[in-house]
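Next come the chains, spelled out residue by residue.
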Amino acid sequence: MDFRASNAYTGSIQGYVFTTRNGRTGYYEDPQQPKTDKTIDAILEKADDEDIEEIDQAAVRKLLLTLEKRITRNAQLRVKYADEPSKFVESEVDLDDAIKGLGLCAAAPEYYGEFARLGGVGSVVGLLAHENGDIAASAVALLFDLTDADDAVGEEAIKGHAAFVEALIKCEGLETLSQSLERFDEGVPEEAQARHHALGVFEHIIEDEEVAKRSARVLQTWLASRIVAKKGDDAVKLYSAEVLSILCGSCATILATPETIDALLRACAKYRRKDPEGPDDEELLENLFQSLAALLSGASSTAVPEFVKAEGVELMLRCLSEGRAAAAPSLRVLAAALEHPRDDAMEEATGAPRRVISADGMRHLFPALMGRGAARGAVV
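Rules behind the numbers
- Residues numbered from 1 in each chain as written.
- Predicted model: local features only at pLDDT ≥ 70, side-chain atom pairs only at ≥ 80, totals over all residues.
- Heavy atoms only, no water.
- Core = buried A, V, L, I, M, F, W, Y, C linked by side-chain atoms within 4.5 Å.
- Buried < 20%, exposed > 50% of the residue type's maximum accessible area, 1.4 Å probe, protein only.
- Helix = DSSP H or I, 4+ residues; strand = E, 2+ residues; numbered from the N terminus.
- Contact = heavy atoms within 4.5 Å.
- Expected span 1.5 Å × (residues − 1).
- Polar contact = N/O pair within 3.5 Å; in protein donor to acceptor, adjacent residues only side chain to side chain.
- Salt bridge = Lys/Arg side-chain N within 4 Å of Asp/Glu carboxyl O.
- Pairing = 2+ DSSP bridges.
- Phe/Tyr/Trp six-rings, centres within 6.5 Å; stacked < 30°, edge-to-face > 60°.
- Axes fitted to C-alpha atoms, helices over the stretch in contact; angles between N-to-C directions.
- Parallel < 35°, antiparallel > 145°, perpendicular 65-115°, else oblique.
- Left-handed = near helix turned anticlockwise from the far one by under 90°.
- Nonpolar A, V, L, I, M, F, W, Y, C, P; charged D, E, K, R; others polar.
- Patch = residues over 30% accessible without salt bridge, like charges linked within 9 Å, V, L, I, M, F, W, Y side chains within 5 Å.
- Areas by Shrake-Rupley, 256 points an atom, 1.4 Å probe, with all protein chains shown as cover.

Colleague: So what's going on with the nonpolar core? Residues and values would help.
Modeller: Soluble globular proteins: nonpolar side chains tend toward being buried together. The biggest cluster of nonpolar side chains holds 104 residues, and the ones touching the most others in it are Phe-115, Leu-247 and Met-316. Top element by residues in this core is helix α14 (residues 279-298). It accounts for nine residues. Contacts of Met-316, omitting those with residues within four sequence positions, involve Leu-265, Cys-268, Phe-289, Leu-292, Phe-307, Ser-330, Val-333 and Leu-334.

In structure tokens form, the structure reads like this:
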């Protein structure tokens, strides 16, 4: 049965009846009335023509109502004219405008609770899987704007932001966001920006410990593959390393896997004989080595054996001996690998101290510890 949401009666429409059913108010198709060629959309859209000058609860409801109507209309046209895109393309332009219109809500996080209560978060998350990549990218950009806690000033705004994040988690928004990262092509500037926005959503909300843990689980595989990818947008790679570094600091036990450690070592190996090419590359280096150190320090029981097996000790010693920009960060990584006493410390296969000795590492460590060489002054 056809249904068009509307929170107010806008007049009689042939073929439809205005009522509330199962908590949803609007115009329902009435099988007892004859169909009409007059479009219900044209009538209902009249309510959307008025500009919104100030965001309040009524404005949030209106914006979400517009979004729901356009989602429904677009879905119907896509089904009806599946092989004729020209007949539903205008509805997608309208839908994209409705998504962008919701960006006004970012100025009033105190009303995010109403946004969440009305199901707006779930609707936006649902659009991440839209067949049109531009629609999905606009939905990601909207979530990026609405999750920015910097705009949440004051008790009501903070509560609103918390309600929005809670709703995002309940509707499996983190999982859907991580999946959306796969669909975007960094070779297209707009889609590279969409990936950047998706990562930004995670950065905005991972201060909460439980959210961080859930984010670490859903992002782990993608982040590990992205930091070693040779192609793609440099800004996305840098942001990926930054998010990974944050998560390694708070979720080391989750991320201390062979996959993540191997990826970090491969990414760090680039700097063994090569200095960063600029400020962004320098920041990337710091994030990569910091991630390794955080895993080794925060989850030593699992991370250290994997680090040793992957010949991480040898790589860090080589970075130290080359005397380039990676020398000081590599010393911090070695310190993290050695700081926790372990029963297998002198085992060749898993003991970091044993590997340092076997690789003649003391020859490189002593000068650094005595304040000589490229790693002098490093904070360990």
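Colleague: Please provide a residue-by-residue account of helix α2 (residues 57-80), values included.
Modeller: Across its 24 residues, α2 extends 35 Å between first and last C-alpha, which sits within 8% of the 34 Å expected from 1.5 Å per residue. The backbone nitrogen of Ala-58 lies 3.2 Å from a side-chain oxygen of the residue at the head of α2, namely Asp-56.

Colleague: A description of the environment of Ile-206 should follow, citing residues and the corresponding values.
Modeller: Among the structural elements, Ile-206 can be located in the loop between α9 (189-205) and α10 (209-226). Assessed through its relative accessible area of 6%, Ile-206 is described here as buried. Excluding its chain neighbours within four sequence positions, the residues that come into contact with Ile-206 are Val-211, Ala-212, Ser-215, Ile-246 and Leu-247.

Colleague: Pulling in residues and values, what's your account of the pattern of salt bridges?
Modeller: Across all of its chains, the model carries 20 salt bridges by this definition. With a shortest N-O distance of 3.4 Å, Glu-84 and Lys-87 are connected by a salt bridge. The exposure class of Glu-84 is partly exposed, given its relative accessible area of 37%. Here Arg-117 ties to Glu-114 by a salt bridge, and the two come within 2.9 Å at their closest N and O atoms. Note that Arg-117 and Glu-114 are positioned in helix α4 (residues 112-117) at a spacing of three residues, about one turn of the helix. One connected set of salt bridges, linked through shared partners, spans Arg-61, Glu-114 and Arg-117.

Colleague: Can you explain the pairing of strand β3 (residues 24-29)? Please cite residues and give values.
Modeller: As judged from the six bridges shared by strand β2 (residues 16-21) and β3, these two strands associate in the antiparallel manner. Across the sheet, Val-17 pairs through a bridge with Tyr-28, a residue of β3. Where β2 hands over to β3, the hairpin turn is made up of two residues, of which Asn-22 adopts a positive phi near 55°.

Colleague: Give me helix α6 (residues 133-146): which residues, what numbers.
Modeller: For α6, spanning 14 residues, the distance from its first C-alpha to its last is 20 Å, which sits close to the expected 20 Å at 1.5 Å a residue. All of the buried residues along α6 are Ile-135, Ala-136, Ala-137, Ser-138, Ala-139, Val-140, Leu-142, Leu-143 and Leu-146. Those residues of α6 hidden inside the fold are in contact with α3 (89-101), α4, α5 (120-126), α7 (155-170), α8 (173-183) and α9. Measuring from the backbone nitrogen of Asp-134 back to the side-chain oxygen at the start of α6 gives 2.8 Å, which picks out Asn-132 as the cap.

Colleague: Give me the packing of aromatic side chains: which residues, what numbers.
Modeller: Inspection of the entire model under this criterion finds two aromatic pairs. Ring-pair connections join several aromatic residues into one group, and the members of that group are Tyr-112, Phe-115 and Phe-164.

Colleague: Go over the packing of α6 against α8 with me, naming the residues and quoting the values.
Modeller: If you want to describe how two helices pack, look at the angle between their axes and the distance between the axes. Here α6 crosses α8 at 135°, and the two axes come no closer than 12 Å. As far as their axial angle goes, α8 and α6 are oblique. Like other packed secondary-structure pairs, α6 and α8 cross with a definite hand, here left-handed. Between α6 and α8, the residues in contact are Gly-133, Ala-136, Val-140 and Leu-143 and Leu-177, Ser-180 and Arg-183, respectively. Counted by class, the contact of α6 with α8 contains four nonpolar, two polar and one charged residues.

Colleague: Mind laying out a nonpolar patch on the surface, listing which residues take part and the relevant values?
Modeller: A contiguous nonpolar surface patch, about 390 Å² in accessible area, is contributed by Met-346, Ile-357, Met-362 and Phe-366. With respect to the helices and strands, Met-362 occurs in helix α19 (residues 362-369).

Colleague: Help me get a handle on the side chain of His-161, residues and values and all.
Modeller: Looking at the secondary structure, you find His-161 in helix α7. Here the side chain of His-161 touches Thr-147 through a polar contact of 2.8 Å, landing on its backbone oxygen. With sequence-adjacent residues up to four places away left out, His-161 is seen in contact with Pro-109, Tyr-112, Leu-146, Thr-147, Asp-148, Ala-149 and Ala-152.

Colleague: How would you sum up the environment of Glu-90? Please name residues and give values.
Modeller: By the secondary structure assignment, Glu-90 is in helix α3. Judged by relative accessible area, Glu-90 falls into the exposed class, the value being 58%. Sequence spacing of Glu-90 and Asn-74 is 16 residues, and the spatial spacing of their C-alpha atoms is 8.8 Å.

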